[in-house]
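Structural description and commentary
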Amino acid sequence: MTTNSLFPTYNRADISFEKGEGVWLVGSDGRRYLDMGSGIAVTGVGHAHPHLVAVLQEAATKVWHTSNLYRIPEQERLADRLTAATFAERVFFCNSGAEANEAAIKTARRYQYVSGHSERTRIITFTGAFHGRTLGALAATGVAKYMEGFGEPAPGFDKLPLGDIDAVKAAVGPETAAIMVEPVQGEGGIQMVDRGFLQALRQICDDNGLVLIFDEIQTGVGRFGTLFAYEALGVTPDVLTSAKGLGGGFPIGACLATAAVGDAMTPGTHGTTFGGTPLACAVANGVLDVILADGFLDEVKRKGAFLMQSLSSVVDSHPEVFEGVRGEGLMIGVKCRVAAADVATAARDAGLLVIPAGDNVVRFLPGLVATQEDLREAAQRLEAAGVAVEKAKKDTAVV
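Right, let's walk through the structure included here.

Rules and cut-offs
- Residues numbered from 1 in each chain as written.
- Predicted model: local features only at pLDDT ≥ 70, side-chain atom pairs only at ≥ 80, totals over all residues.
- Heavy atoms only, no water.
- Core = buried A, V, L, I, M, F, W, Y, C linked by side-chain atoms within 4.5 Å.
- Buried < 20%, exposed > 50% of the residue type's maximum accessible area, 1.4 Å probe, protein only.
- Helix = DSSP H or I, 4+ residues; strand = E, 2+ residues; numbered from the N terminus.
- Contact = heavy atoms within 4.5 Å.
- Salt bridge = Lys/Arg side-chain N within 4 Å of Asp/Glu carboxyl O.
- Arc of directions from axis to C-beta.
- Polar contact = N/O pair within 3.5 Å; in protein donor to acceptor, adjacent residues only side chain to side chain.
- 1 Å grid on protein atoms, 1.4 Å probe; cavity = no way out; pocket = protein on both sides within 12 Å on 5 of 7 lines; lining within 4 Å.
- Points joined across faces, edges and corners; volume = space filled by probe spheres on them.
- Nonpolar A, V, L, I, M, F, W, Y, C, P; charged D, E, K, R; others polar.

With 89 residues, the main nonpolar core has Val 168, Ile 179, Leu 201 and Phe 364 as its most contacted residues. Of the residues forming this core, the biggest block, nine residues, is contributed by helix α12 (residues 296-317). When near neighbours in sequence (up to four residues on either side) are disregarded, Leu 201 contacts Phe 126, Ile 165, Val 168, Ile 179, Val 181 and Leu 212. Within the second largest apolar cluster, 17 residues are counted, among which are Ile 105, Ala 108, Ile 123 and Val 211.

Further remarks concern the pattern of salt bridges. Taken as a whole and judged by the stated rule, the model has 16 salt bridges. Put simply, Arg 202 and Asp 206 hold a salt bridge, and the shortest N to O gap is 2.9 Å. With a gap of four residues between them, Arg 202 and Asp 206 both fall in helix α8 (residues 195-208), about one helical turn apart. Given a relative accessible area of 47%, Asp 206 falls into the partly exposed group. In this structure, Arg 376 engages Glu 373 in a salt bridge whose closest nitrogen and oxygen atoms are separated by 2.8 Å. Linking Arg 376 with Glu 373, this pair stays in helix α14 (residues 372-398), spanning three residues, or about one helical turn. Arg 376 sits in the partly exposed class, given a relative accessible area of 32%.

Among the residues making up helix α13 (residues 340-349), those that are buried are Ala 340, Val 343, Ala 344, Ala 346 and Ala 347. In an axial view of α13, the angular spread of the buried residues amounts to 165 degrees, which keeps them on one side of the axis. Just beyond α13, the residue with positive phi is Gly 351, at close to 80 degrees.

The next subject is unusual backbone geometry. The backbone of Ala 48 shows a phi angle near 55 degrees, a positive value even though the residue is not glycine. By the secondary structure assignment, Ala 48 is in the loop between α1 (38-41) and α2 (50-60).

Attention now goes to the environment of Asn 285. For Asn 285, the location among the structural elements is in helix α11 (residues 278-291). The spacing of Asn 285 and Leu 246 is 39 residues in sequence and 8.7 Å in space, taken between C-alpha atoms. Filtering out sequence-adjacent residues up to four positions away, Asn 285 remains in contact with Glu 74, Arg 77, Leu 78 and Arg 81. Here the side chain of Asn 285 touches Glu 74 through a polar contact of 2.7 Å, side chain to side chain.

A few words on the layout of surface pockets. There is about 550 Å³ of room inside the second largest pocket. If you trace the second largest pocket, you find 21 residues lining it, with Val 91, Phe 92, Phe 93, Met 265 and His 270 closest to the centre. Elements represented by at least two residues in the lining of the second largest pocket include exactly β4 (90-94), α4 (97-114) and β12 (253-257). Top element by residues in the lining of the second largest pocket is β4. It accounts for four residues. Residues of the lining of the second largest pocket, tallied by class, amount to eight nonpolar, eleven polar and two charged.

Structure (structure tokens):
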């Protein structure tokens, strides 16, 4: 870890990047790196996309910030486009995924309150989840290592084993307000949640008057070959959270909801100083221009299938290093037999950037604009990383 004036909260690699274009980055060491992490699923339309650059430059000459005390036309346009393309009828804009999840938690509880069920405040969440690092989102996540040293977790969350529908049925009680789930667990290691389980959660919510919340911070904005993953999975939530790819690198988050649930959030119940600024919403509208263009999402599906096949071939060639591949669209995890961090380091040495995750997985979350040649090159560089790890293991064994 380098020494400087920053909080020592990150174990950063000793490299920075000076320029980006598409899915390529130029490092401070002068090397070109193939970015298959996209800043953790953020730069979904690639680095320095010409359309986003033009949109941001134009917006920067106008109004940067007015606060939400006034109408913001770009915000209204973005909300209209998101609701037209999804199940939602209401949108609240914020700055990050954790804030979007906090808004979702408050919205679900407030909905129960205005519906005459003020006792309904508890939210069911699941093992392996990651919902953010604010105190409320941490409590929803419920992972001890993230909560250590920060006192008692915020009350109101019941954490259950992922996939155990009987445990969910048993946990639902008079104080239950909602069920919150990632349709695919990103930080948990690209854990695909069984569609039958998601369908059963939908039914439980319908039968008991509960709010179903999908955390699509990492899965959303085109990564599955649909605007949001719920479309591909065939289960529609009442509330959905988005961030990461929504701004293409510019900070913005959103909480989407049906009118029945979202209208519970009346004036004064929630707010934000910076959420939904003219700048942020202009860029997010630029992202949607790209993502919603004819044929773009179909191409994501095709490229996802190609990357999955290419990575599977690498895994098969190095069984001592890799165990398997999983995911959908351009959200793919390679499970490792050696430490995922070692694979990520070897990949970086080979000019490939991937992101470690839970369950000893490295994630491939490339920009959706990656070409087939980019993806083929990514597989070849993972191959080189696998060879390097095998050699390091043999050298260690000899010593």
